[in-house]
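Understanding the architecture of this molecule
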Amino acid sequence: MEAKTYPALLRRERCGLFSVHFPDLDCAVCGETLDEAMDMARDTLAAWIRRVGTPAPSDLEEIRKAAKKGDLVMLVEERCSGDTRLAG
């Protein structure tokens, strides 16, 4: 099975945490470090796909237009079963 990728917004919050928001899934995760936030984002994406299914990803350009100043628009790949790599 090929891993799915979805557009996400990465933001450094005022409190210092890193958040990753998936607009297509209307869900977000936060981590104390960038690596932690990305790791949790990959796990969350994989769990969402297993439980809910795979909605069609939005056009990346549309996500860029809707992003707030300071947001980084990126693609996040789900963590496949047995994958222990950190996202980055």
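Residues numbered from 1 in each chain as written. Predicted model: local features only at pLDDT ≥ 70, side-chain atom pairs only at ≥ 80, totals over all residues. Heavy atoms only, no water.

1. Let's talk about the environment of E77
Selection criterion: Secondary structure counts use DSSP, requiring at least four H or I residues in a row for a helix and at least two E residues in a row for a strand, with both numbered from the N terminus.
Relative to the helices and strands, E77 resides in strand β4 (residues 72-77). Taking the C-alpha atoms as reference, E77 lies 9.0 Å from P7; in sequence the two are 70 residues apart.

2. Quick notes on unusual backbone geometry
For the record, the criterion: With a 1.4 Å probe rolled over the protein chains alone, any residue whose accessible area is under 20% of its type maximum counts as buried; one over 50% counts as exposed, and the rest are partly exposed.
You will see that D26, though not glycine, has its phi angle at about 55°, which is positive. We classify D26 as exposed; its relative accessible area is 65%.

3. Some points on the nonpolar core
What counts is decided by this rule: Buried Ala, Val, Leu, Ile, Met, Phe, Trp, Tyr and Cys residues form a nonpolar core when they are joined through side-chain atoms within 4.5 Å. Whether two residues touch is decided by their heavy atoms; if any such pair falls within 4.5 Å, the residues are in contact.
Among the nonpolar cores identified, the biggest contains 16 residues, and A8, V20, F22, A41, L45, M74 and V76 are the most heavily contacted of them. Of all the secondary structure elements, the ones that give two or more residues to this core are β1 (5-12), β2 (18-22), β3 (27-31), α1 (34-52) and β4. Broken down by element, the residue count for this core peaks at 5 residues, all from α1. Those residues in contact with A41, other than ones at most four positions away along the chain, are V20, F22, V29 and V76.

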